[in-house]
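# Residue-level structure breakdown
Residue-level listing of the chains:
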Amino acid sequence: MTLLSIEHLSVRFGGLAAVDDVGFEVRQGEILGLIGPNGSGKTTALNLLSGFIAPHAGTVRLSGQDITGMPPAQLVRRGVLRMFQMTRVFGRMSAFDNLLTAGMARGLAEAEAGRRATALVEELTLGPVQYLDASQLSGGQRKLLEFGMCFIEPPALAMLDEPFAAVHPVMREVMVRFIRSRHAAGATFLLVSHDMPIVVDLCQRAVCMNAGKVIAAGDIHTVLKDHQVIEAYLGESHAGDEPASLEVPS
Ligand SMILES: Nc1ncnc2c1ncn2[C@@H]1O[C@H](COP(=O)(O)OP(=O)(O)OP(=O)(O)O)[C@@H](O)[C@H]1O
Ligand SMILES: [Mg+2]
């Protein structure tokens, strides 16, 4: 079943078509990978899908309902949330209070938000730092906190923008476990990441963008073997000695 369907989505910045006639679908309950080289339009696509910028053309439907151009607050109410490439938390509030505030902002009573925050602190291994100001947390801990804020009320669709980038491997493992557990509980993900081993591990399907366009979509293994995808990552000069796949042999 299709949760999110995207058709002909486009936005320009001056003369640059950052997202150019993009179409794909996110299926209910899947973890869909959104990959592509730097500057290919992945973050811009998430900005469009989460209402942070409005498209110049195209349609976005959530469970069949047109949500094109809907602002973030309305999308959050429908369960569409995104995490940022640059983490956004309240720096001068404790990690625990960030979770509490996120829960109450999503309509939970304080006691319930507190219960969930306590459980999330535990699951995300933030116990030792929960009463520190969020600004004192490491980059990885802030990402974990953002996971908690996103999931304090389970979203229908979570869009993650490079959650693993520059994160300590131990915390990366916590994130992967967290994504798996929420996926098992029914959450749907759109995951932007350059970390191919994790993408292969977590995603059954992927969409690859290059220069604002979708150049391949489908089964993850097929996408990573796609000639255009390999060329987009490695550049045309390598066309003669390309690997057969971007997948790292294990
Ligand atoms: N607000 C903006 N104004 C002008 N140009 C922008 C803006 N946001 C993004 N761009 C440009 O749009 C293109 C796509 O950028 P985007 O950040 O979406 O790429 P990305 O795939 O997320 O890259 P990365 O993997 O490096 O995060 C780039 O050329 C970028 O410079
Ligand atoms: Mg980006």
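For every chain, the first residue of its written sequence is number 1, and the numbers climb from 1 along that sequence. Both sets of labels track the order of writing: A upward for chains, 1 upward for ligands. At least 70 in pLDDT is required for a residue's local features to be given in this predicted model, at least 80 for side-chain atom pairs to be given and counted, and no such filter applies to totals for whole chains, interfaces and linings, which use all residues. The side-chain quantities take in all heavy atoms of the structure and omit both hydrogens and water.

So, on to the site of ligand 1. In the neighbourhood of ligand 1, 14 residues make up the surrounding shell, with G39, K42, T43, T44 and H194 lying closest. Any N or O atom pair separated by 3.5 Å or less is treated as a polar contact, with the protein-specific requirement of one donor-capable and one acceptor-capable atom, and with residues adjacent in sequence counted only for side-chain atom pairs. Take G41: an N or O atom from its main chain is 3.0 Å from an oxygen atom of ligand 1. One of the side-chain N or O atoms of K42 is found 2.7 Å from an oxygen atom in ligand 1. A 1.4 Å probe and the Shrake-Rupley method give the accessible areas. Residues count as covered only by the protein chains that appear here. Relative to its unbound accessible surface of 640 Å², ligand 1 loses 60% to contact with the protein. Definition of nearness: a residue and a molecule or strand are near each other if at least one heavy atom of the residue lies within 4 Å of the molecule or strand.

This part covers the sheet that holds strand β10 (residues 213-219). Strand pairing requires that DSSP identify at least two bridges connecting the strands. The secondary structure listing takes helices from DSSP runs of H or I that are at least 4 residues long and strands from runs of E that are at least 2 residues long, numbered from the N terminus. Across the sheet, which stays open at both edges, the six strands sit in the order β6-β7-β8-β3-β9-β10 with mixed pairing between neighbours. Across the chains shown, the open sheet's two edge strands, defined by having one partner strand only, are β6 (80-83) and β10. Taken pair by pair, the neighbouring strands of this sheet meet at an average axis angle of 15°, ignoring direction. Pairing between β6 and strand β7 (residues 157-161): four bridges, direction parallel. Residue pairing in the sheet places V80 in a bridge with L157 of β7. Contacting β3 (31-35), β6, β7, β8 (188-192) and β9 (205-210), helix α1 (residues 42-49) crosses the sheet at an angle of about 150° to β7. A contact between two residues is defined here by any heavy atoms of the two lying within 4.5 Å. Only C-alpha atoms enter the line fits that serve as axes; for helices the fit covers just the stretch in contact. Angles between N-to-C directions range over 0 to 180 degrees. Relative to the sheet, helix α6 (residues 169-184) contacts β3, β7 and β8, its axis offset from that of β8 by approximately 150°.

This brings us to unusual backbone geometry. Phi angles above zero are rare outside glycine, and H8 is one such case at about 50°. With respect to the element layout, H8 can be found in strand β1 (residues 2-13).

Before going further, it helps to examine the packing of aromatic side chains. Two rings belonging to Phe, Tyr or Trp (six-membered ring only in the last case) form a pair when the distance between their centres is within 6.5 Å. Interplanar angles under 30 degrees mark stacking, angles over 60 mark edge-to-face geometry, and anything in between is tilted. Across all of its chains, the model carries four aromatic pairs by this definition. Each ring, one from F96 and one from Y131, has its centre 6.2 Å from the other, and the planes form 45°; the classification is tilted. One end of the pair, F96, is in helix α3 (residues 95-105); the other, Y131, is in the loop between α4 (110-123) and α5 (139-151), with 35 residues separating them in the sequence. Taken together, a centroid distance of 5.7 Å and an interplanar angle of 75° make the contact between F147 and F178 edge-to-face. With F147 in helix α5 and F178 in helix α6, this pair connects stretches of sequence that are 31 residues apart. Of the two residues, F147 and F178, neither departs from the other in class, the shared state being buried. By the ring-pair criterion, three or more aromatic residues cluster together here, those being F147, F151, F178 and F189. Above the ring of F52, the side-chain terminus of R82 is found at 5.5 Å from the ring centroid. Each residue's exposure class comes from its accessible area (1.4 Å probe, protein chains only) as a fraction of the maximum for that residue type: buried when under 20%, exposed when over 50%, partly exposed otherwise. Think of it as a cone above the ring: NZ of Lys or CZ of Arg counts as a charge over the ring if it is within 6 Å of the ring centre and within 35 degrees of the ring normal.

Next up on the list: the nonpolar core. One finds L145, F147 and L202 to be the most contacted residues of the largest nonpolar core, which totals 56 residues. Throughout, the edges of the domains are those of an automatic or database domain assignment. When residues of this core are assigned to domains, at least three fall in each of domain 1 (1-79 + 155-250) and domain 2 (88-154). Those residues in contact with L145, other than ones at most four positions away along the chain, are V89, A95, N98, L99, L126, A134 and L137. Residues L3, V26, L48 and V80 belong to the second largest nonpolar core, which totals 27 residues. Here the nonpolar core consists of buried residues drawn from Ala, Val, Leu, Ile, Met, Phe, Trp, Tyr and Cys, with membership extended through side-chain atoms lying within 4.5 Å.

Now for the domain arrangement of the protein chain. In terms of domain boundaries, the protein chain breaks down into domain 1 (1-79 + 155-250) and domain 2 (88-154). Taking only C-alpha atoms, the centre of domain 1 and the centre of domain 2 are 25 Å apart. Across the contact, 19 residues belong to domain 1 and 16 residues belong to domain 2. In the sections that follow, a salt bridge refers to a side-chain nitrogen of Lys or Arg positioned within 4 Å of a carboxyl oxygen of Asp or Glu. The interface formed by domain 1 and domain 2 includes one salt bridge. The interface formed by domain 1 and domain 2 holds three residue pairs in polar contact (both at pLDDT 80 or more) in total. Looking at the side of domain 1 that touches domain 2, the element that brings in the most residues is α6, giving seven residues. Residue polarity follows a fixed list, in which Ala, Val, Leu, Ile, Met, Phe, Trp, Tyr, Cys and Pro are nonpolar, Asp, Glu, Lys and Arg are charged, and the others, Gly among them, are polar. Of the residues that constitute the side of domain 1 that touches domain 2, the class distribution is 15 nonpolar, one polar and three charged.

Next up on the list: the packing of α3 against α5. Across the interface, α3 lies against α5 with an axial gap of 8 Å and an inter-helix angle of 25°. By the criterion of interaxial angle, the relationship of α3 to α5 is roughly parallel. Two packed elements cross with a definite hand, and for α3 against α5 that hand is right-handed. Contacts between α3 and α5 involve A95, N98, L99 and A102 on the former and, on the latter, L145, G148 and M149. Residues belonging to the contact of α3 with α5 are distributed by class as follows: five nonpolar, two polar and no charged. The cut-offs work like this: below 35 degrees is roughly parallel, past 145 is roughly antiparallel, 65 to 115 is roughly perpendicular, and the gaps in between are oblique. Less than a right angle of anticlockwise turn of the near helix away from the far helix marks a crossing as left-handed, whereas a clockwise turn marks it as right-handed.

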